[in-house]
Amino acid sequence: KTFDLEIPLFNVKNRKVVIDDSLDLLSEYKFIMIEGGGTLFKAVAPHVDWVLSYVAPSLRVGHVFEADADLSYLHQQKIDDDILLWSTLKSIQTI
């Protein structure tokens, strides 16, 4: 895979960025940021205790997040027009 190494993601001091097709490394870390959709959410759910969700005030065709999960909201914060929700994952249907 080819990534533009000049984007801000790769230019933060002391940040280790791993881009991989496997979830094998998840058990080696205590704090991991994962960005993806419902399919990835279901795949990583067994390894996740906390969820930070960014909610934007717009919906677009083809940008649907599908997951059947129960969360407990812990904190919310509004930044500009977006809302951040900190939650714990109670359960998820992986079927």
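Quick look at the structure, then. Counting from 1, residues in each chain are numbered in the order their sequence is written. Given that the model is predicted, a residue must reach a pLDDT of at least 70 before its local features are reported, and side-chain atom pairs must reach 80 or more before they are shown or counted; all residues, however, enter totals for whole chains, interfaces and linings. Think of the side-chain values as coming from all heavy atoms in the structure, minus any hydrogens and water.

### Quick word on the overall build of the chain
Working step 1: Helix and strand assignments follow DSSP, with helices taken as H or I runs no shorter than four residues and strands as E runs no shorter than two, numbered in order from the N terminus. Each helix and strand in the chain was counted, giving 1 helix and 3 strands.
Working step 2: When the elements of the chain are put in sequence order from the N terminus, they spell out α-β-β-β.
Working step 3: For the chain, the spread of C-alpha atoms along the principal axes amounts to about 35 × 35 × 30 Å.
Working step 4: Only protein chains enter the accessibility calculation, which uses a 1.4 Å probe; a residue whose area is less than 20% of its type maximum is buried, one above 50% is exposed, and one in between is partly exposed. Classification of the 95 residues of the chain by burial places 13% in the buried group.
Working step 5: For the chain, the proportion of contacts with a sequence separation of at least 24, taken over those separated by at least 6, is 45%.
Working step 6: In the structure as shown, the chain presents an accessible area of about 8,500 Å², 53% of it carried by carbon and sulfur atoms.
Working step 7: By the counting rule applied here, Lys and Arg register as positive and Asp and Glu as negative, while His and the ends of each chain are not counted. Every charge is mapped onto a representative atom, which is NZ of Lys, CZ of Arg, CG of Asp or CD of Glu. The averaged location of the 14 negative side-chain charges in the chain is 4 Å from the averaged location of its 9 positive side-chain charges. The contact criterion used is simple: two residues touch if any of their non-hydrogen atoms lie within 4.5 Å. Accessibility throughout is a Shrake-Rupley quantity obtained with a 1.4 Å probe, and a residue counts as covered only by protein chains that appear here.

### With respect to the nonpolar core
Working step 1: Among the buried residues, those of types Ala, Val, Leu, Ile, Met, Phe, Trp, Tyr and Cys that are joined through side-chain atoms within 4.5 Å form a nonpolar core. With 8 residues, the main nonpolar core is built from Leu26, Phe41, Val44, Ala45, Val48, Val51, Leu89 and Ile92.
Working step 2: At the level of elements, α1 (38–44) and β3 (82–93) are the ones that each hand at least two residues to this core.
Working step 3: Discounting chain neighbours no more than four positions away, the residues touching Val51 are Phe41, Leu71, Leu85, Trp86, Ser87 and Leu89.

### Describing the layout of surface pockets
Working step 1: The space that makes up the largest pocket amounts to roughly 1,700 Å³.
Working step 2: Lining the largest pocket are 36 residues, with Ile34, Val51, Leu52, Ser53 and Tyr54 positioned closest to its centre.
Working step 3: Mapped onto the lining of the largest pocket, the elements with two or more residues apiece are α1, β1 (50–55), β2 (68–79) and β3.
Working step 4: Roughly 860 Å³ of volume is contained in the second largest pocket.
Working step 5: Put simply, the grid is 1 Å and covers the protein atoms alone, a cavity is a trapped set of points that fit a 1.4 Å probe, a pocket is an open set with protein on both sides within 12 Å along at least five of seven lines, and lining residues have an atom within 4 Å of a point. What lines the second largest pocket is a set of 22 residues, among which Val18, Ile19, Ile32, Met33 and Ile34 lie closest to the centre. Grid points are joined across faces, edges and corners, and a volume is the space filled by probe spheres set on the points.

### Some words on unusual backbone geometry
Working step 1: Phi at Asn14 is positive, roughly 65 degrees, even though this residue is not glycine.
Working step 2: Residue placement: Asn14 occurs in the segment before α1.

### Points about the environment of Leu40
Working step 1: For Leu40, the position within the fold is in helix α1.
Working step 2: Leu40 gets classed as partly exposed once you look at its relative accessible area, which sits at 27%.
Working step 3: C-alpha of Leu40 to C-alpha of Leu23: the two residues are 17 residues apart in sequence and 10.0 Å apart in space.
Working step 4: Other than its neighbours up to four places away in sequence, Leu40 contacts Leu23, Ile34 and Glu35.

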